[in-house]
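A closer look at the structure
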Amino acid sequence: GAGVSQSPSNKVTEKGKDVELRCDPISGHTALYWYRQRLGQGLEFLIYFQGNSAPDKSGLPSDRFSAERTGESVSTLTIQRTQQEDSAVYLCASSLGTRTGELFFGEGSRLTVL
Amino acid sequence: GENVEQHPSTLSVQEGDSAVIKCTYSDSASNYFPWYKQELGKRPQLIIDIRSNVGEKKDQRIAVTLNKTAKHFSLHITETQPEDSAVYFCAASPPFRGGADGLTFGKGTHLIIQP
């Protein structure tokens, strides 16, 4: 498809385990964002990639969170030693990278930490 | 960094009435202000945006106004309909400063349209 694709759509894990969430942006989109959305809450910025610039990691809540992106393609968000408060929907979005362009969101990855 | 405040957190209006959601931002250099709508269980989608060189923009029943002096912008929905029920997020984007500054969202407004 032509949209932003995220996997897995649902992930249930035990406290202390590591998880990887994947995002496939729209082809040609240089900007990629990760947001966290807790149940009934707003969009919490995590990290932003723009082309070859150093990523803006200012939103990552702890050193257990990390993200990578190879070029202008797939991004992976990794959460190490998961905690119950990490339970949320993790949304990925991409844009053409003009910084004033529309963000196209994926369906999200729902993470449940037991 | 940019800080965006959004009010109210919940807004209930009668079908057919108007709804207004307000946001303020902290960075006077911010120059792009989009609004996203998120229906229950779905992804956020852009509904309208405004740039800092414009004071108002309309698209059918939806309008956005921007007051740069006061650093606030508002979403106006007229003749509300049941399908307008959703969470609405405002956002602000500061100008490029050499890093990878991202879009900052408000905490959202849950709009409820009463039949």
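Refer to the preceding data block for the structure.
Heads up: these notes are all about the structure in this document. (Residues numbered from 1 in each chain as written. Chains lettered and ligands numbered in written order. Predicted model: local features only at pLDDT ≥ 70, side-chain atom pairs only at ≥ 80, totals over all residues. Heavy atoms only, no water.)

Taken residue by residue, a regular strand's side chains alternate between the two faces of the sheet. All names here are of chain A. Within strand β4 (residues 31-37), 7 of the 7 residues are buried, leaving the element largely enclosed by the surrounding structure. In this sheet, strand β5 (residues 44-50) lies alongside β4 in antiparallel orientation, the contact comprising 6 bridges. Bridge pairing in β5 places Tyr33 opposite Tyr48. Counting the residues that bridge the hairpin from β4 to β5 gives 6 residues, and of these Gly40 lies at a positive phi of roughly 75°. Bridge count between β4 and strand β8 (residues 88-95): 7 bridges; the pairing is antiparallel. Paired with Leu32 across the bridge in β8 is Ser94. (Buried < 20%, exposed > 50% of the residue type's maximum accessible area, 1.4 Å probe, protein only. Helix = DSSP H or I, 4+ residues; strand = E, 2+ residues; numbered from the N terminus. Pairing = 2+ DSSP bridges.)

Another point: the sheet that holds strand β3 (residues 19-24) of chain A. Residues and elements named next belong to chain A. Taken in spatial order, the 4 strands of this open sheet run β1-β3-β7-β6, and their pairing is antiparallel. Each having just a single partner strand, β1 (5-7) and β6 (65-69) make up the two edges of the open sheet. In this sheet, neighbouring strand axes are inclined to one another by 15° on average, regardless of whether the strands run parallel or antiparallel. For β1 and β3, the ladder comprises 3 bridges, and the chain directions are antiparallel. Along β3, the bridge assignment pairs Gln6 with Cys23. (Axes fitted to C-alpha atoms, helices over the stretch in contact; angles between N-to-C directions.)

Residue and element names in this part refer to chain B. Across the sheet, 5 strands lie side by side as β1-β3-β8-β7-β6; this open sheet has antiparallel pairing. Whereas interior strands pair on both sides, the edge strands pair on one side only; in this sheet they are β1 (4-7) and β6 (56-59). On average, each strand axis in the sheet is tilted by 15° relative to the strand beside it, whichever way the strands run. Alignment of β1 against strand β3 (residues 19-25), held across 4 bridges, turns out to be antiparallel.

Here we come to the nonpolar core. Residues and elements named next belong to chain B. Tyr25, Phe33, Trp35, Phe73, Leu75, Tyr88 and Leu111 are the most contacted members of the largest nonpolar core, which has 22 residues in total. Of all elements in the fold, only β2 (10-14), β3, β4 (32-38), β5 (45-51), β7 (62-67), β8 (72-77), β9 (86-92) and β11 (109-114) reach the threshold of two or more residues within this core. The residues contacting Leu111, other than those within four sequence positions of it, are Leu11, Val13, Ala19, Ile77, Asp84, Ser85, Ala86 and Tyr88. (Core = buried A, V, L, I, M, F, W, Y, C linked by side-chain atoms within 4.5 Å. Contact = heavy atoms within 4.5 Å.)

Residue and element names in this part refer to chain B. With respect to the element layout, Asp49 can be found in strand β5. A polar contact is formed between the side chain of Asp49 and the side chain of Tyr32, at a distance of 2.8 Å. Here Lys57 takes part through its side chain, which lies 2.9 Å from a polar atom of the side chain of Asp49. Non-local contacts of Asp49, meaning those with residues more than four positions away in its chain, are made with Tyr32, Phe33, Pro34, Lys57 and Val64. (Polar contact = N/O pair within 3.5 Å; in protein donor to acceptor, adjacent residues only side chain to side chain.)

This part is about the pattern of salt bridges. Tallying each qualifying case throughout the model produces 9 salt bridges over all chains. For Asp49(B), the salt bridge is made with Lys57(B), and the minimal N-O distance between the two is 2.9 Å. Residue Asp49(B) is classed as buried on the basis of its relative accessible area of 12%. Using a relative accessible area of 36% as the deciding quantity, one classes Lys57(B) as partly exposed. Here Arg61(B) makes a salt bridge to Asp84(B), at a shortest N to O gap of 2.9 Å. Within this pair, whereas Arg61(B) is found in the loop between β6 and β7, its partner Asp84(B) is found in the loop between β8 and β9, the two being separated by 23 residues in sequence. On the basis of relative accessible area, Arg61(B) is assigned to the partly exposed category, the value being 21%. Through salt bridges with shared partners, a single network forms among Arg36(A), Arg38(A) and Glu44(A). (Salt bridge = Lys/Arg side-chain N within 4 Å of Asp/Glu carboxyl O.)

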